Amino acid sequence: MSLKIVVLAKQVPDTRNVGKDAMKADGTINRAALPAIFNPEDLNALEQALRLKDAHPGSTVTILTMGPGRAADIIREGLFRGADNGYLLTDRAFAGADTLATSYALATAIRKIGEYDIIIGGRQAIDGDTAQVGPQVAEKLGLTQITYAEEILEVGDGKIKVKRHIDGGVETVEGPLPIVITVNGSAAPCRPRNAKLVQKYKHAKTVTEKQQGNLDYTDLYDRKRDYLNLAEWSVADVHGDLAQCGSVGSLDNKVKAIQNFVFQAKDSKKRSAQRP
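Rules behind the numbers
- Throughout, a residue's number is its position along its own chain's written sequence, starting from 1.
- The model is predicted, so local features are restricted to residues of pLDDT at least 70 and side-chain atom pairs to those at 80 or more, both for listing and for counting; the totals for chains, interfaces and linings are taken over all residues.
- The side-chain numbers reported here are obtained from all heavy atoms of the structure, hydrogens and water having been left aside.
- A run of DSSP states H or I qualifies as a helix once it reaches four residues; a run of E qualifies as a strand once it reaches two. Both are numbered from the N-terminal end.
- Any two residues whose heavy atoms approach within 4.5 Å are treated as being in contact.
- Areas reported here follow the Shrake-Rupley algorithm with a probe of radius 1.4 Å; residue values treat only the protein chains shown as occluding.
- Buried residues are those whose accessible area, probed at 1.4 Å on protein chains only, stays under 20% of the maximum for their type, while exposed residues exceed 50% and partly exposed ones sit between those limits.
- One requirement defines pairing of two strands: DSSP has to find at least two bridges between them.
- Pairs were defined over the aromatic rings of Phe, Tyr and Trp, the Trp ring being its six-membered one, requiring ring centres within 6.5 Å. Orientation was assigned from the angle between planes: stacked under 30 degrees, edge-to-face over 60, tilted for the rest.
- Both a distance and an angle decide whether a charge sits over a ring: NZ of Lys or CZ of Arg must be within 6 Å of the ring centre and within 35 degrees of the ring normal.
- Only the stretch in contact is used when fitting a helix axis, every axis being a line fitted to C-alpha atoms; angles between N-to-C directions are given from 0 to 180 degrees.
- These descriptions rest on fixed angle ranges, namely under 35 degrees for roughly parallel, over 145 for roughly antiparallel, 65 to 115 for roughly perpendicular, and the rest for oblique.
- Helix crossings fall into two classes, left-handed where the near helix is turned counterclockwise from the far one by less than a right angle and right-handed where it is turned clockwise.
- The nonpolar class holds Ala, Val, Leu, Ile, Met, Phe, Trp, Tyr, Cys and Pro. Asp, Glu, Lys and Arg form the charged class, and all remaining residues, Gly among them, are polar.

Enquirer: Would you take a moment to explain the overall build of the chain for this structure?
Expert: Broken down by element type, the chain carries 6 helices and 12 strands. Look at the contacts in the chain between residues 6 or more apart in sequence, and 70% of them connect residues 24 or more apart. Within the structure as shown, the chain displays about 15,200 Å² of accessible surface, and the carbon and sulfur contribution to it stands at 47%.

If you want it as structure tokens, here you go:
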């Protein structure tokens, strides 16, 4: 059986390089001050999706990400590794979203995509560590969910079998399709880029990227190479409710402060919790 798989992926600031400018005065992350990377556990999820594609001929893998224009890099990275297409949710109205507003936006985009058998993403993003978005997407779409997945073992007869890691051991569970799955960072690492796919998709761009750049190869984007045109969706495109998007649709969760601690051998520091 062929499968339609949607991979939820996020471009995140590299938290290994956090400095004094990492946070804005309003409590949001200053993404411009940090290198942007593919969220590590989303790469684990992508590998599981690509393995399903390999095992089920005719399957497709779609990358769905939300962020500023530069987050299109995440779609290209997915294409370089074997994904088939992708969608970028980008709109100022999406800015400042917490997990509630993020999951709302992703769920509306998935409804617009329409056909899907498996929605898969990393357990959590390194810029939040909440592990809430995947389960919230499942709730908003009314789907079964399997969390803490280590490996997808089998798909067939409208069901999926997954090995998951839980406290104290490992268990194998089964769920009906369509389904949402979140994957641990301890799952198999993602395969490297494929050189042929890099050559094929290196000029893939969104409408905004094409408008901003001085392109001397505009003939690439005709219908003969439509795969180079990356889809870019706004709130209006996915028929979203502005009251549920971005900072407006978020709960009042703000980071109050970020501090760095550098330890030498045998060093220790004691900090008391500061209550709001």
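Enquirer: Even after reading the chapter, I still don't get unusual backbone geometry, so can you show me in this structure?
Expert: Negative phi values dominate among residues other than glycine, just as trans dominates among peptide bonds. Put simply, Leu177 and Pro178 share a cis peptide bond, and its omega is -5 degrees. Mapping Pro178 onto the fold places it in the loop between β9 (169–176) and β10 (179–183). Positive phi outside glycine occurs at His239, with the angle close to 60 degrees. Exposure remark for His239: the relative accessible area of 67% places this residue in the exposed category.

Enquirer: How do you make sense of the pairing of strand β7 (residues 144–156) when you look at a structure like this?
Expert: Successive side chains on a regular strand alternate, one facing one side of the sheet and the next facing the other. Summarising the sheet, β7 and β10 pair through 4 bridges and their orientation is parallel. The residue bridging Thr144 from the neighbouring strand is Ile179, located in β10. In the sheet, β7 pairs with strand β8 (residues 159–166) via 6 bridges, with the strands oriented antiparallel. Bridge pairing links Gly156 to Lys159 in β8. Taken together, β7 and the strand that follows it, β8, pair antiparallel across an intervening segment of 2 residues, in which Asp157 is found at a positive phi of about 55 degrees.

Enquirer: What is the right way to look at the packing of aromatic side chains in this model?
Expert: How two aromatic rings sit relative to each other is set out by the distance from centre to centre and by the angle between their planes. Across all of its chains, the model carries 2 aromatic pairs by this definition. A centroid spacing of 5.7 Å and a plane angle of 80 degrees characterise the contact between Tyr201 and Tyr227, whose relative ring orientation is edge-to-face. Of this pair, Tyr201 sits in helix α5 (residues 195–201) while Tyr227 is found in the loop between α6 (207–212) and β12 (229–233), placing the two residues 26 residues apart along the sequence. Taking the relative accessible area as the measure of exposure, Tyr227 reaches 34% and is therefore partly exposed. The aromatic ring of Tyr227 is capped on one face by Lys200, whose charged end is 4.9 Å from the ring centroid.

Enquirer: Would you take a moment to explain the pairing of strand β5 (residues 85–89) for this structure?
Expert: In this structure, strand β4 (residues 60–66) lies alongside β5, joined through 5 bridges in parallel fashion. Note on β5: the bridge partner recorded for Thr62 is Asn85. Pairing of β5 with β12, which is carried by 3 bridges, proceeds in the parallel orientation. Residue Leu89 lies in a different strand from β12, and its bridge partner there is Trp233.

Enquirer: Looking at this model, I keep getting lost on helix α4 (residues 133–141). Mind explaining?
Expert: Because each turn of an α-helix spans 3.6 residues, side chains separated by three or four positions end up pointing in the same direction. Residues Gly134, Gln136, Val137, Ala138 and Leu141 constitute the buried set of α4. Buried residues in α4 make contact with β1 (4–8), α3 (99–113), β6 (118–122), β7 and β10. One or two residues past the end of α4 sits Gly142, with phi positive at roughly 70 degrees.

Enquirer: How should the packing of α3 against α4 be read in this particular structure?
Expert: One can describe the packing of α3 onto α4 by two numbers: an axis separation of 9 Å at closest approach and a directional angle of 50 degrees. In terms of orientation, α3 lies oblique with respect to α4. Note on packing geometry: the crossing formed by α3 with α4 is right-handed. Across the interface between the two elements, Thr99, Leu100, Thr102, Ser103, Tyr104, Leu106, Ala107, Ile110 and Arg111 from α3 touch Val133, Gln136, Val137, Lys140 and Leu141 from α4. In terms of residue class, the contact of α3 with α4 is made up of 8 nonpolar, 4 polar and 2 charged.

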